[in-house]
Amino acid sequence: MLTLIFLTKTVIDLYVMLLLLRIWMRWVNSDFYNPFTQSVAKLTQPIIAPLGRILPSLGPIESASLLFAFLLMTIKYPLLLLIQGGGLVLSPYNLLFGVISLLKAAGHLIFWVMIIRALMSWISQGSNPMDYLLYQLSDPLITKIRRVVPSMGGIDFSPMIVILLLYLINYLGMDLLGELWFVL
């Protein structure tokens, strides 16, 4: 039972992160010919292409990807309850849980992009196509913090500040929602 719960939660969360990454890459106009960008597009295209014909994009935000990510996060909590044997519970609160879960997944995605960017800066030092993509994704967030906190002694603390802000938001979610925060 726990294995099925873990597998369901992991598959939904990973696919939602791919969808959010697709939205984020389009928002920052990332290099479409980057191999990683191509793989994200190929993994999400079979579901997003039919939805994209129905739903127009909202400027740089791809509404089909956002809607599908929201729907996945909305059904995740009732699906996990069904797997645990509690039955299928459909309520209006599931829509709120979907929004909260989507925001939490976006925070996780930003966290991992910052961590991977920091690690890649030590390893490849700009010689990898992934470096440029990570730079494109994280730079809009880091630039805002660099205006307030400049680099000190050649060390850029802005990625660390973004991560600390994400931790602060995560702890705020734990304080406000308690056990529900861990389930979502």
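Criteria and cut-off values
- Within any chain, residue numbers begin from 1 and follow the written order of that chain's sequence.
- For a predicted model such as this one, the threshold for reporting local features is a pLDDT of at least 70, and the threshold for listing and counting side-chain atom pairs is 80 or more; totals across whole chains, interfaces and linings nevertheless cover every residue.
- Values shown for side chains rest on all heavy atoms present in the structure; no hydrogens or waters enter the calculation.
- UniProt positions are given in the numbering used here, feature names are shortened, and annotations may be inferred rather than shown by experiment.
- Elements are defined by DSSP. Helices are runs of H or I of four residues or more, strands are runs of E of two residues or more, and each kind is numbered from the N terminus.
- By this rule, a helix spans an expected 1.5 Å times one less than how many residues it contains.
- Only rings of Phe, Tyr and Trp enter the pairing, Trp through its six-membered ring, and a pair is recorded when the two centres are within 6.5 Å. The plane angle decides the type: under 30 degrees is stacked, over 60 is edge-to-face, the rest tilted.
- The buried label applies to any residue whose accessible area, calculated with a 1.4 Å probe on protein chains only, is under 20% of its type's maximum; exposed applies above 50%, and partly exposed to all values in between.
- Patch definition: residues with relative accessible area over 30% and no salt bridge; like charges joined within 9 Å; nonpolar side chains (Val, Leu, Ile, Met, Phe, Trp, Tyr) joined within 5 Å.
- Here the open area of atoms and residues is found with the Shrake-Rupley method and a 1.4 Å probe, where only the protein chains shown may cover a residue.
- In the sections that follow, a salt bridge refers to a side-chain nitrogen of Lys or Arg positioned within 4 Å of a carboxyl oxygen of Asp or Glu.
- Each nonpolar core is a collection of buried residues, namely Ala, Val, Leu, Ile, Met, Phe, Trp, Tyr and Cys, held together in the definition by side-chain atoms within 4.5 Å.
- Note on contacts: a residue pair qualifies if any of its non-hydrogen atoms lie within 4.5 Å across the two residues.

- With an unreviewed UniProt entry as reference, the protein chain is termed Integral membrane protein YggT involved in response to extracytoplasmic stress, source organism Candidatus Regiella insecticola.
- Note on the protein chain: under the UniProt heading Sequence similarities (unreviewed entry), the record states "Belongs to the YggT family."

Thoughts on the UniProt feature "transmembrane region" (unreviewed entry) in the protein chain
Thinking step 1. When the UniProt feature table is mapped onto this chain, "transmembrane region" (unreviewed entry) is found at residues 6-25, 63-83, 95-120 and 154-174.
Thinking step 2. Annotation note: span residues 6-25, helix share 100%, strand share 0%, distance between end C-alpha atoms 28 Å.
Thinking step 3. Secondary structure across residues 95-120 comprises 100% helix and 0% strand; the distance between its end C-alpha atoms is 37 Å.

Side note on helix H4 (residues 93-123)
Thinking step 1. The end-to-end C-alpha distance of H4 is 45 Å, a good match for the 45 Å that 31 residues give at a rise of 1.5 Å each.
Thinking step 2. Looking one or two residues past H4, Gln125 carries a phi angle of roughly 55°, positive in sign.

A word on the packing of aromatic side chains
Thinking step 1. Under the defined criterion, the tally for this structure stands at five aromatic pairs.
Thinking step 2. Each ring, one from Phe32 and one from Tyr33, has its centre 5.9 Å from the other, and the planes form 75°; the classification is edge-to-face.
Thinking step 3. You can call Phe32 partly exposed: its relative accessible area is 46%.
Thinking step 4. Since its relative accessible area comes to 71%, Tyr33 is described here as exposed.
Thinking step 5. When the ring of Tyr77 is compared with that of Phe97, the centres are 5.0 Å apart and the planes differ by 75°; the resulting orientation is edge-to-face. Of this pair, Tyr77 sits in helix H3 (residues 63-83) while Phe97 sits in helix H4, placing them 20 residues apart in sequence.
Thinking step 6. The exposure class assigned to Tyr77 is buried, which follows from its relative accessible area of 19%.
Thinking step 7. Ring-pair connections join several aromatic residues into one group, and the members of that group are Phe111, Trp112 and Tyr167.

A closer look at helix H6 (residues 158-177)
Since the α-helix turns once every 3.6 residues, residues separated by three or four places project in the same direction.
Thinking step 1. The first and last C-alpha atoms of H6 sit 28 Å apart over 20 residues, in line with the 28 Å expected at 1.5 Å per residue.
Thinking step 2. In the stretch just after H6, Gly178 is the one whose phi turns positive, near 60°.

Observations concerning a nonpolar patch on the surface
Thinking step 1. A surface patch of nonpolar side chains, about 420 Å² in accessible area, is lined by Leu4, Phe6, Leu7 and Val11.
Thinking step 2. Tracing the backbone shows Phe6 in helix H1 (residues 2-27).
Thinking step 3. Relative accessible area serves as the criterion here: at 57%, Phe6 is assigned to the exposed category.

Digging into the nonpolar core
Thinking step 1. Core analysis: the biggest nonpolar cluster contains 28 residues, and Val16 and Leu137 have the highest contact counts within it.
Thinking step 2. Elements represented by at least two residues in this core include exactly H1, helix H2 (35-54), H3, H4 and helix H5 (129-148).
Thinking step 3. Broken down by element, the residue count for this core peaks at 10 residues, all from H1.
Thinking step 4. Each residue touching Val16, except ones within four places of it in the same chain, is listed here: Ala69, Leu72, Met73, Leu102 and Ala105.
Thinking step 5. Within the second largest apolar cluster, seven residues are counted, among which are Ile142, Ile145, Val162 and Ile163.

Re the pattern of salt bridges
Thinking step 1. Summed over the entire model, instances satisfying the criterion amount to four salt bridges.
Thinking step 2. With its nearest N and O atoms 2.9 Å apart, the salt bridge here joins Asp13 to Lys76. Taken together, the residues Asp13 in helix H1 and Lys76 in helix H3 connect sequence positions 63 residues apart.
Thinking step 3. Accessibility expressed as a relative area gives 2% for Lys76, which makes it buried.
Thinking step 4. In this structure, Glu62 and Arg22 form a salt bridge, with 3.0 Å as the shortest nitrogen-oxygen distance. A residue pair is termed long-range when its members are at least 10 positions apart, and Glu62 in the loop between H2 and H3 and Arg22 in helix H1 qualify at 40 residues.

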